[in-house]
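These are the residues of each chain, in order.
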Amino acid sequence: MSLTYLEAIREAQARALRDDPRVFIYGQDVGAFGGAFKATKNLAVEFPGRVLDSPISEDAMVGMAVGAAIEGMRPIIEMQFADFSLVGFNQIVNQAGTMYWRTNVPCPITVRLPFGGVSGSGPFHSQCLEGLYAYYPGLIVLTPATVEDAYSMLLEAVALDDPVIFCEHRFLYYHLKAEKLPDEALPIGKARIAREGRDLTIVTYSAMVHEAIEAANELSSEGWEIEVVDLRSVKPLDTDTIVASVARTGKLLCVGEAWPWGGVTAEIVSRVAAEGFGLLDAPPQRLNAKDTPVPYHPNLWAAHRPTARSVAAAARNLLRQ
Amino acid sequence: MLQTALETKPSQETKSVRDIHLSAFRFMLLARLLDDKLAALYRTGKIHGGVYLGRGQEGLSAAVGVSLQKGDVFAPLIRDAAGRLAFGETVLDSLRTFLGSAHGPMRGRDGNVHRGNPSEGLLPMISHLGAMISVVNGILLARRLQKKLGTVGAACIGDGATSTGSFHEAINQAAVEKLPLVLVIADNQYAYSTPTSRQFACDSLADRAIGYGVAVQTVDGTDFSACLKVLGEAVSRARRGSGPQLVVANFLRLCGHGEHDVPDYVDPELKNSPLGRDCLEVAQEFLLKKRWLDDSQLAAMKEEFHHEIETAVARVQREPAPDPFIEEWCAVASEHLNEGNIA
């Protein structure tokens, strides 16, 4: 039996519902329909009364989750697309993100954001918002890159006593398969060395991990060994693993699908510059999407975000320095 | 004459109505005196941040508070000192938050009107007030899922918050889920300086109820007795399972938006209209006329409250302020995932 990344998310939710009576799911079309991507397929039947369709009201969806959480529940909110979570942004950052600090009452909600681009999705169904949410105190922001992590990290997210922004990449939904679900996993907050290398470190997360590995494989045939760090969680950020990798390679390239101003890749460069400046043999580099809305047409879209080819090109430039 | 008859043979129901009125009045008066003290402390620079008073709103506010029971949920707005006290918040916790005591419920991390205790059903507002309504919905939904029935949640907002998307989303959500929500709109004619004519174009905010499929009642917010009746009914209907109840109360805010604000924008005609009546004076007159209260009892009540407030102020002023060197600087409950100290 093989499972996709999407099926792993469905299985994690099924298990959370099975194991913990406090868990329920709330979102648009998640009930009988099973969700826009079928991430909640059959869950409404398996768990009657616990998988609830919401109106198209992202603000009230998150507010509802916050109320339920402070009343002892463990709500999972499905945003149909990450982009739509911006309508509920205020509730996420100002209500959920401040609740524990202000009141000492934990706010364990999981907000699932199907994010990132697939070709043809355009400006409002493709956004990468992890940097935006990571900016705010009080939130945990996760970006699983593998089927196994999608499963184990979603389960851990639901178990955490904090609001978790769970960024699940739409490109990976059907693209990735695993033979079985994991029995154990790295804890949230720990990055993973996705590929070992000695010449250059690529730090990335989510779908870009796979572009980076492809680029690393290409560069391997040219004699370069690239280390790829999969962040897994962008908040908290596992600075130790990043700095340790840079200590081995001396060169840093940060790759993100998000826009270039600020964000996760800039944060990593900043931390490595502060904590590991002396380890660097060349200026640290970043590769991000272009600073325009995400384009609709496949030709434009493929050039808008980093790809294995552009990652390899950026790595080559850095390796030659 | 009526009064004599009541005194000679008080029925249980009549006695209860009298007690409810007197109870509400006590909270109104205590809130007014507490507000007066806060205004004085503000003017002498003793308060960090703003002070927002409930002058003119005590009748409505107390009516909400006394209509709720222990175990219910209350999301007050900034002018709900009376309702908070009626719901069980102490004068001490109010003062601790305004004066920044480390012993207050917000421990100096948040201040003034942004206080609460979610474990006791008192929600600490965020400034985007409409956003509190769906949080109340969430508590009520959770209780339904937990099969804990019989409690209600009250959320109070002003006329201004009805223009926000959060309000629309949340009242619609409550209606779809048929939640026991009592949503109180305190239409005090101004949102900060903006008159209702620039806020909405319907004749009355009550007109909105039909669009959401919720029950609605309008009440004269200057008349605490009418407020008690309407809120009492709305709360018990919600408790009985009749779904969300909207209450629209009309009155005039008798102070600035905050104590920093000189409300010279308030239309003098409104001040002289029935909307401009002071609910506390109306209530006092009502109780004296009914002989449910006499002048000496009123004087004793004022004396009692003055003493309570002054004692609390003196105590809070001796309490420690929060200490940045022992502050944990951790915004997450999962301490092992804290990034709070990364500079």
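A. Geometry of the pairing of strand β6 (residues 215-220) of chain B. Residues and elements named next belong to chain B. By the bridge criterion, 6 bridges tie β6 to strand β7 (residues 245-250) in an arrangement that is parallel. Across the sheet, V219 pairs through a bridge with A249, a residue of β7. What joins β6 to β7 is helix α9 (residues 224-240), and the crossover it makes is right-handed.

B. Spotlight on the pairing of strand β7 (residues 164-169) of chain A. Residues and elements named next belong to chain A. Among the 6 residues in β7, 6 count as buried, and that is most of the element. Of the two faces of β7, the one carrying V164, F166 and E168 and the one carrying I165, C167 and H169 are both buried. Note: strand β5 (residues 110-115) against β7, 6 bridges, orientation parallel. What sits directly across from R112, in β7, is F166. Sheet topology places strand β6 (residues 140-142) next to β7; 3 bridges connect them, and they run parallel. Paired with L142 across the strands is F166, a residue of β7. What joins β6 to β7 is helix α6 (residues 147-159), and the crossover it makes is right-handed.

C. Inspection of the interface of chain B and chain A at higher detail. Counting from both sides, the interface comprises 34 residues of chain B and, opposite them, 36 residues of chain A. Elements that contribute at least two residues to the side of chain B that touches chain A include exactly α6 (131-145) and α7 (165-177) of chain B. The element best represented in the side of chain B that touches chain A is α6(B), accounting for 11 residues. Each residue belonging to the side of chain B that touches chain A can be placed in one class, and the counts come to 17 nonpolar, 12 polar and 5 charged.

D. Layout of the environment of B:D80. Mapping B:D80 onto the fold places it in the loop between β1 (73-75) and α4 (81-87). Excluding residues within four positions of it along the chain, B:D80 makes contact with B:G54, B:S61 and B:C156.

E. Fine view of the nonpolar core. Ranked by size, the top nonpolar core spans 209 residues in total, and within it A:I202, A:A315, B:M28, B:V136 and B:V247 carry the most contacts. At 10 residues, the largest contribution of residues to this core is made by helix α2 (residues 12-43) of chain B.

F. Seen up close, the domain arrangement of chain A. Residues and elements named next belong to chain A. According to the domain assignment, chain A contains domain 1 (3-178) and domain 2 (192-319). Taking only C-alpha atoms, the centre of domain 1 and the centre of domain 2 are 26 Å apart. In this assembly, 25 residues from domain 1 lie in contact with 21 residues from domain 2. By residue class, the composition of the side of domain 1 that touches domain 2 is 13 nonpolar, 10 polar and 2 charged.

G. Spatial organisation of the packing of helix α5 (residues 91-99) of chain B against helix α12 (residues 295-317) of chain B. All names here are of chain B. Look at α5 against α12: their axes get within 9 Å of each other, and the N-to-C directions meet at 45°. In terms of their interaxial angle, α5 and α12 are classed as oblique. As α5 runs across α12, the sense of the crossing is right-handed. Where α5 approaches α12, its residues V91, L92, L95, R96 and L99 are matched on the opposing element by E308, I309, A312, V313, V316 and Q317.

Cut-off values and rules
Residues numbered from 1 in each chain as written. Chains lettered and ligands numbered in written order. Predicted model: local features only at pLDDT ≥ 70, side-chain atom pairs only at ≥ 80, totals over all residues. Pairing = 2+ DSSP bridges. Helix = DSSP H or I, 4+ residues; strand = E, 2+ residues; numbered from the N terminus. Right-handed = clockwise from strand over helix to strand, strands pointing away. Buried ≥ 20, exposed ≤ 12 C-beta atoms within 10 Å, placed from the backbone. Contact = placed C-beta atoms within 7 Å. Nonpolar A, V, L, I, M, F, W, Y, C, P; charged D, E, K, R; others polar. Core = buried A, V, L, I, M, F, W, Y, C linked by C-beta atoms within 7 Å. Domains from an automatic or database assignment. Axes fitted to C-alpha atoms, helices over the stretch in contact; angles between N-to-C directions. Parallel < 35°, antiparallel > 145°, perpendicular 65-115°, else oblique. Left-handed = near helix turned anticlockwise from the far one by under 90°.

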